[in-house]
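Residue-level structural notes
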Amino acid sequence: MNQPSPLASWNGEVMPLSEVRVSVLDRAFLFGDAIYEALRVYEGRPFLLDEHMARLRRSLDQIRIETDVDHISRRILELLERQPVRDGLIYLQVTRGEAPRTHYFPANPTEPNELIYVSPLEDDPHAEHRKTGVGVVTFDDLRWKRCDIKSVNLLGNCLAAQAAREAGCAEAILVSADGTITEGSHTSLFGVRDGAVMTAPLARNILPGITRNLVVQLANRADIPIREEPLSRDRLPEVDELFLTGTTAEVLPVTRVDDRPVGSGQPGKVTCQIAAAYRGYVADWLAGDASPSS
Ligand code: PDD
């Protein structure tokens, strides 16, 4: 039997996702001229909603799509009321809208198009991976120079993720021309060396991951030393542990890179400590007593 189509909010109108229609002249279709966000739903509640909305606002500002995002959080909550999902994922996208095709922005400002939908995450593909760890491949970072903007231009990310899949791995970690590792195709990357956690500093070459930010705070609270400095491909053999973070990945141990074991080849001690802190944080938030900035 076919699954019923999830509900979507299309410019504020709630309808089955399968019934949403968009013009081929929408600039997201023609140019990838759009911003997106992906949020996790735990027990029917959107996790780190304000943080995702702040990043959305910043991304929209950076590419000069003029829209007010305040109504978007309301629409997310309305959608979750109409379609209760216990564990799920919210996808949302704002495009510059529909206009005759010109590279420059349309002369008459267009009305942005806004899509939000929620899908259940029944069989979380990473549930087992979080215990066993995953393998990753290295892949050239082919992306543009503003990876801090969460735009839907994801071809470099898609090619990397496909290379990982073809190698039987969960993720690709992206290597710049100078040998620096930026992040994963859809995750942030952390290393652990001599008990200290390292991750690339926030700059234009990585996405400011919401989970990355939470993990930095959790490490600080646990007195785990954290250094925001780039990892490099040459120095990968020196790291004791590696892990990925992201809205869907949460905290995911990496046990192999290009078929070479990381450290002992098992999920590392600090990684497991951070993963437990993340789960504890979500549990506290669900119980009503956690705030990311506290
Ligand atoms: N990806 N880096 C990249 C390139 C990403 O696409 C993502 C998220 C992350 C992790 O960010 P966050 O912790 O805010 O989820 C890092 C989402 C999940 C996606 O593309 O579906």
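Residues numbered from 1 in each chain as written. Predicted model: local features only at pLDDT ≥ 70, side-chain atom pairs only at ≥ 80, totals over all residues. Heavy atoms only, no water.

The antiparallel open sheet is built from 6 strands, whose spatial order is E2-E1-E6-E5-E3-E4. The sheet is open, and its two borders are formed by strand E2 (13-16) and strand E4 (45-46), each paired with just one other strand. When strand E3 (residues 34-42) meets E4, the two strands line up antiparallel, connected through 2 bridges. Following the sheet pairing, valine 41 is matched in E4 by proline 46. Where helix H2 (residues 49-62) meets the sheet, its contacts fall on E3, E4 and strand E5 (88-95), and the angle it forms with E3 comes to roughly 175°. Seen against the sheet, helix H7 (residues 269-287) touches E3 and E4 and runs at an angle of roughly 80° to E3. (Pairing = 2+ DSSP bridges. Helix = DSSP H or I, 4+ residues; strand = E, 2+ residues; numbered from the N terminus. Contact = heavy atoms within 4.5 Å. Axes fitted to C-alpha atoms, helices over the stretch in contact; angles between N-to-C directions.)

Attention now moves to the pattern of salt bridges. It is possible for side chains bearing opposite charge to pair when their charged atoms get close. Using the criterion set out here, one finds 20 salt bridges in the structure. Salt-bridge contacts for arginine 27 lead to aspartate 33; the nearest nitrogen and oxygen are separated by 2.7 Å. In this structure arginine 27 comes out as buried when scored by relative accessible area, which is 2%. Between arginine 40 and aspartate 87 there is a salt bridge; the shortest N-O distance is 3.9 Å. With arginine 40 in strand E3 and aspartate 87 in the loop between helix H3 (70-82) and E5, this residue pair connects regions lying 47 residues apart in the sequence. Overall, the relative accessible area of 5% leaves arginine 40 in the buried class. (Salt bridge = Lys/Arg side-chain N within 4 Å of Asp/Glu carboxyl O. Buried < 20%, exposed > 50% of the residue type's maximum accessible area, 1.4 Å probe, protein only.)

Turning our eyes to something else, we now look at the domain arrangement of the protein. Structurally, the protein comprises domain 1 (7-120) and domain 2 (129-287). For domain 1 versus domain 2, the distance between C-alpha centres works out to 26 Å. Of the roughly 2,100 Å² buried at the junction of domain 1 and domain 2 (both faces included), carbon and sulfur atoms supply 61%. Looking only at domain 1, the three residues that lose the most surface to domain 2 are Tyr36, Phe47 and Arg55, adding up to 30% of its buried area. In this structure, the connection of domain 1 to domain 2 is made through 2 salt bridges. One salt bridge connects arginine 58 with aspartate 148, and the closest N-O pair in it is separated by 2.9 Å. Scanning the region where domain 1 abuts domain 2 turns up 11 residue pairs in polar contact (both at pLDDT 80 or more). If you list the elements that add at least two residues to the side of domain 1 that touches domain 2, you get E3, E4, H2 and E5. Looking at the side of domain 1 that touches domain 2, the element that brings in the most residues is E3, giving 8 residues. For the side of domain 1 that touches domain 2, the residue count by class is 13 nonpolar, 5 polar and 7 charged. (Domains from an automatic or database assignment. Buried area = accessible area lost by both parts, 1.4 Å probe. Polar contact = N/O pair within 3.5 Å; in protein donor to acceptor, adjacent residues only side chain to side chain. Nonpolar A, V, L, I, M, F, W, Y, C, P; charged D, E, K, R; others polar.)

With that settled, consider the environment of threonine 110. Relative to the helices and strands, threonine 110 is located in the loop between E5 and strand E6 (113-120). Taking relative accessible area as the criterion, threonine 110 reaches 19% and is therefore assigned buried. Between the alpha carbons of threonine 110 and asparagine 157 there is a distance of 28 Å; along the sequence they are 47 residues apart. Aside from chain neighbours lying at most four places away, what touches threonine 110 is Arg96, Gly97, Glu98 and Ala99. At a separation of 2.4 Å, a polar atom in the side chain of threonine 110 contacts the main-chain carbonyl oxygen of arginine 96.

Attention shifts here to the site of the ligand. Around the ligand, the structure places 18 residues, and the nearest of them are Tyr36, Arg55, Glu183, Thr211 and Thr247. Tyrosine 36 has a polar side-chain atom sitting 2.7 Å from an oxygen atom of the ligand. At the level of secondary structure, the elements contributing two or more residues to the shell around the ligand comprise E3, strand E9 (180-184) and helix H6 (210-221). Partitioning the shell around the ligand into residue classes produces 4 nonpolar, 10 polar and 4 charged. A domain-level breakdown of the shell around the ligand finds at least three residues from each of domain 1 (7-120) and domain 2 (129-287). (Near = heavy atom within 4 Å.)

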